[in-house]
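Spelled out from the first residue to the last, the chains are:
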Amino acid sequence: MFEDLRDLYQEVIFDHNRNPRNFRVIDNADRKVEGFNPLCGDRLTLFLKMDGDTITDASFQGSGCAISTASVSLMTEIIKGKTEAEAEALFKTFHEMTTGKAEDIQLEAVGKLAVLAGVREYPARVKCATLAWHTLDAALKNETQAISTEE
Ligand code: ZN
């Protein structure tokens with residue numbers, strides 16, 4: 001049963017890595033922030049289109065490993081239509097899930113993002129999974145400077 005679940009999760013990660021969603025530039029994006037994970041070489045640019053405090057569109061460009069690409073692809077899908085507060089809450093839950101700080105993972109709260117919960121067993125890959133979210137966090141705070149996971 002657990003093995004089946006793990007296979008399914010890996011399948012979702014492979015799928016998003018092969019066919020990243022929202023891999024495009026948003027012209028006239030309201031927010032644009034670059035994120036970099038020097039440990040792995042993952043690099044991305046996140047674009048957000050806002051309507052008030054609601055994220056109406058999200059996209060990215062860049063290149064990285066399978067985990068970072070799947071993570072940012074899933075993230076751009078899931079944050080569309082969310083308010084800034086909802087996105088921040090997801091970031092917090094996702095961070096706790098991937099760093100193992102959560103006592104029990106609230107799978108329902110994170111939806112498809114649960115496929116990345118497995119990285120908690122590989123500390124070196126956690127930053128690959130959280131890079132997109134740290135970049136989103138900076139974008140939501142209206143920061144424009146590139147962020148690095150090593151600062
Ligand atoms: Zn990586």
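1. Topic: the overall build of the chain
So, point 1. What the chain contains, in helices and strands, is 5 helices and 4 strands.
So, point 2. When the helices and strands of the chain are listed from N to C terminus, the series reads α-β-β-β-α-α-α-α-β.
So, point 3. For 151 residues, the compact-globule estimate of 2.2 N^0.38 gives 15 Å, and the chain sits close to it at 14 Å.
So, point 4. Each of the three principal axes of the chain carries a C-alpha extent, and together these read 45 × 30 × 30 Å.
So, point 5. Burial status across the chain gives 42% buried among its 151 residues.
So, point 6. Residue pairs at least 24 apart in sequence account for 60% of intrachain contacts in the chain once pairs closer than 6 positions are excluded.
So, point 7. Accessible surface for the chain amounts to roughly 8,000 Å². Of this, 49% is attributable to carbon and sulfur atoms.
So, point 8. Mean positive and mean negative side-chain charge positions of the chain (17 and 25 charges, respectively) differ by 3 Å.

2. A short note on the sheet that holds strand β4 (residues 147–148)
So, point 1. Pairing is mixed across the open sheet formed by 4 strands, whose spatial order is β3-β2-β1-β4. Strands at the two margins of the open sheet, each flanked by one partner only, are β3 (54–63) and β4.
So, point 2. The pairing of strand β1 (residues 31–37) with β4 spans 2 bridges and is classified as parallel. Among the inter-strand pairings, G35 is bridged to a residue of β4, identified as I147.
So, point 3. Against the sheet, helix α2 (residues 66–79) contacts β2 (42–51) and β3, and its axis sits at roughly 165 degrees relative to β3.

3. Looking at the side chain of T45
So, point 1. The topology assignment puts T45 in strand β2.
So, point 2. In this view, T45 contacts K32, V33, E34, S59, F60 and Q61; residues no more than four positions away in its chain are not counted.

4. Things to note about the environment of N17
So, point 1. With respect to the helices, strands and loops of the structure, N17 is situated in helix α1 (residues 2–18).
So, point 2. Assessed through its relative accessible area of 30%, N17 is described here as partly exposed.

5. Thoughts on the coordination of the zinc ion
So, point 1. Within the protein, the atoms that donate to the zinc ion are C40 (SG), D42 (OD), D42 (OD), C65 (SG) and C128 (SG), at distances of 2.2 to 2.7 Å.
So, point 2. The sequence pattern describing where the donors of the zinc ion fall on their chain is C-x1-D-x22-C-x62-C.

6. With respect to the nonpolar core
So, point 1. If you look at the biggest cluster of nonpolar residues, it comprises 41 residues, and the most contacted ones within it are L48, I55, M75, I79, W133 and L136.
So, point 2. At the level of secondary structure, the elements contributing two or more residues to this core comprise α1, β2, β3, α2, α3 (84–99) and α5 (123–140).
So, point 3. In contact with L136, other than residues within four places in its own chain, are L46, L48, M75, I79 and A87.

Reading the values: the criteria
Residues numbered from 1 in each chain as written. Predicted model: local features only at pLDDT ≥ 70, side-chain atom pairs only at ≥ 80, totals over all residues. Heavy atoms only, no water. Helix = DSSP H or I, 4+ residues; strand = E, 2+ residues; numbered from the N terminus. Rg over C-alpha atoms; globule rule 2.2 N^0.38 Å. Buried < 20%, exposed > 50% of the residue type's maximum accessible area, 1.4 Å probe, protein only. Contact = heavy atoms within 4.5 Å. Areas by Shrake-Rupley, 256 points an atom, 1.4 Å probe, with all protein chains shown as cover. Lys, Arg positive; Asp, Glu negative; His and termini not counted. Charge placed at Lys NZ, Arg CZ, Asp CG, Glu CD. Pairing = 2+ DSSP bridges. Axes fitted to C-alpha atoms, helices over the stretch in contact; angles between N-to-C directions. Donors = N, O, S within 2.8 Å, 3.2 Å for Na, K, Ca; no water. Core = buried A, V, L, I, M, F, W, Y, C linked by side-chain atoms within 4.5 Å.

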